[in-house]
Amino acid sequence: MKRLISWSMKMFSKFLHPLIKLLTSLVKGVDFYRQVKLDFVARPDDIFLVTYPRSGTTWTQMILYQLSSNGNTDFTHISRIFPYFERSLMFNTITVADLDKLPSPRIFKSHLPYDYIPKGAGKYIYIARNGQDVAVSYYHFHRTHLGFKGDFDEFFNLFLKGKVLYRSWFAHINGWLVHKDSPNVLFLWYEDMLKDSEKYIRKIADFCEFQIEPEQWPEILKRTTFDFMKKHAKQFDPITERLLDDGLIQDAFFRQGKAGEGKQCLTAEQKILFQKNFDKYIDV
Ligand code: PPS
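What counts and what doesn't
Residues numbered from 1 in each chain as written. Predicted model: local features only at pLDDT ≥ 70, side-chain atom pairs only at ≥ 80, totals over all residues. Heavy atoms only, no water. Helix = DSSP H or I, 4+ residues; strand = E, 2+ residues; numbered from the N terminus. Rg over C-alpha atoms; globule rule 2.2 N^0.38 Å. Buried < 20%, exposed > 50% of the residue type's maximum accessible area, 1.4 Å probe, protein only. Contact = heavy atoms within 4.5 Å. Lys, Arg positive; Asp, Glu negative; His and termini not counted. Charge placed at Lys NZ, Arg CZ, Asp CG, Glu CD. Pairing = 2+ DSSP bridges. Axes fitted to C-alpha atoms, helices over the stretch in contact; angles between N-to-C directions. Patch = residues over 30% accessible without salt bridge, like charges linked within 9 Å, V, L, I, M, F, W, Y side chains within 5 Å. Areas by Shrake-Rupley, 256 points an atom, 1.4 Å probe, with all protein chains shown as cover. Salt bridge = Lys/Arg side-chain N within 4 Å of Asp/Glu carboxyl O. Near = heavy atom within 4 Å. Polar contact = N/O pair within 3.5 Å; in protein donor to acceptor, adjacent residues only side chain to side chain. Nonpolar A, V, L, I, M, F, W, Y, C, P; charged D, E, K, R; others polar. Phe/Tyr/Trp six-rings, centres within 6.5 Å; stacked < 30°, edge-to-face > 60°.

Moving on, we come to the overall build of the protein. Each helix and strand in the protein was counted, giving 14 helices and four strands. Over its C-alpha atoms the protein spans a radius of gyration of 24 Å, topping by over 25% the 19 Å that the globule rule assigns to 284 residues. Projecting the C-alpha coordinates of the protein onto the three principal axes gives extents of approximately 80 × 55 × 40 Å. Counting over 284 residues, the protein shows a buried share of 37%. Across the protein, every contact between residues at least 6 apart in sequence was considered, and the portion connecting residues at least 24 apart equals 72%. Computed over 40 positive and 33 negative side-chain charges, the inter-centroid distance for the protein is 8 Å.

Following this line, the structure appears as structure tokens:
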């Protein structure tokens, strides 16, 4: 009898799981469509930084931050400055009303294909990267950040078929390449930026119409180097972003390791309540 009940429960949950998954993604899709297509109001000075993942997004975010601010680096995570457009809305970490409150120019990170990106009079910076390099970088990212357990061969086949997050690299690039000469699109290659960072950082500054004083340049160039950013990795790593979204704090596990803090922190009332529970439940 127990076995029969267990089997029935197993079958029931087997049936429910895909249904719940389907319904959840349907609800998310409808919500996302409503927010992006109906509620979001684009501004003429919005800047969308768009890429297929692993193509230099974070680097360009830092470039934009250094160009658009006095260049301090004491932010918790770059996503708190420039929202990750679709992720924030999809996971409800931000609402369209929150986006409405952001000061201009708003700068958004996005991996959306051309057809999905909100259209307006704003500017679009698209960074493209060699697809084979993207595949390798994305494979490592899938393993370290998305729980992928397979080997590169398996991942590469999925990548070619577009069965990865943000789907086909080929379709993504192609969708944006068609618009590369539009006056409000700055289409850059990651490899070109690597070869001559300063030239392309200046291009980005001009495109965004940021006024940079000559004395600001050395700091901007220093803070956007790979070495500098790697030293501050936590401020850029999506793992930090996820922890912050969930209200979790890193490096807080080891706190004091001392005795007597309870006595100092509890109020007299809390101490009485504690003692009452102690007397009620502990009788040895
Ligand atoms: S993500 O996850 O989509 O946001 O990734 P993304 O930021 O687009 O790309 C990550 C790759 O960019 C490299 N990166 C840099 N290259 C040069 N200079 C700087 N400053 C820089 N910052 C990040 C990063 O190392 C990833 O590439 P790989 O090949 O994996 O090292």
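Resuming the write-up.
With that out of the way, let us pick up the sheet that holds strand β2 (residues 107–110). With parallel pairing, the four strands of this open sheet are ordered in space as β2-β1-β3-β4. Of all strands in the sheet, those with a lone pairing partner are β2 and β4 (185–189), marking the two edges. When strand polarity is set aside, the average angle formed by the axes of neighbouring strands in this sheet is 15°. In terms of strand pairing, strand β1 (residues 47–51) meets strand β3 (residues 123–128) through five bridges, oriented parallel. When the bridges of β3 are listed, Thr-51 appears paired with Ile-127. In the packing of helix α2 (residues 57–68) onto the sheet, contacts are made with β1, β2 and β3, and the angle to β1 comes to roughly 160°. Sitting on the sheet, helix α7 (residues 169–177) touches β1, β3 and β4, and the angle it makes with β3 is about 140°.

Together, Met-1, Leu-4, Ile-5, Trp-7, Met-9 and Met-11 line one region of the surface with nonpolar side chains, adding up to about 700 Å² of accessible area. Here Met-1 shows up in the segment before α1 (2–39).

Let us look at the site of the ligand. Not every one of the 18 residues close to the ligand is listed here, only the nearest: Thr-57, Thr-58, Arg-129, Ser-137 and Tyr-190. Residue Ser-137 places a side-chain N or O atom 2.6 Å away from an oxygen atom belonging to the ligand. Taking 650 Å² as the accessible area of the ligand by itself, protein coverage stands at 82%. Elements that contribute at least two residues to the shell around the ligand include exactly α2, α5 (131–145), α8 (190–195) and α11 (226–231). Take the shell around the ligand: its biggest share by element is three residues, from α2. Grouping the amino acids of the shell around the ligand by side-chain chemistry returns seven nonpolar, eight polar and three charged.

On to the packing of aromatic side chains, then. Any two aromatic rings considered together are summarised by their centre-to-centre distance and by the angle between their planes. Under the criterion given, the structure shown has 30 aromatic pairs. Between Tyr-139 and Phe-152, the aromatic rings sit 5.3 Å apart at their centres with planes inclined by 80°, giving edge-to-face as the arrangement. Highlighted residues: Tyr-139 in helix α5 and Phe-152 in helix α6 (residues 152–161), separated in sequence by 13 residues. Judged by its relative accessible area of 12%, Tyr-139 falls in the buried class.

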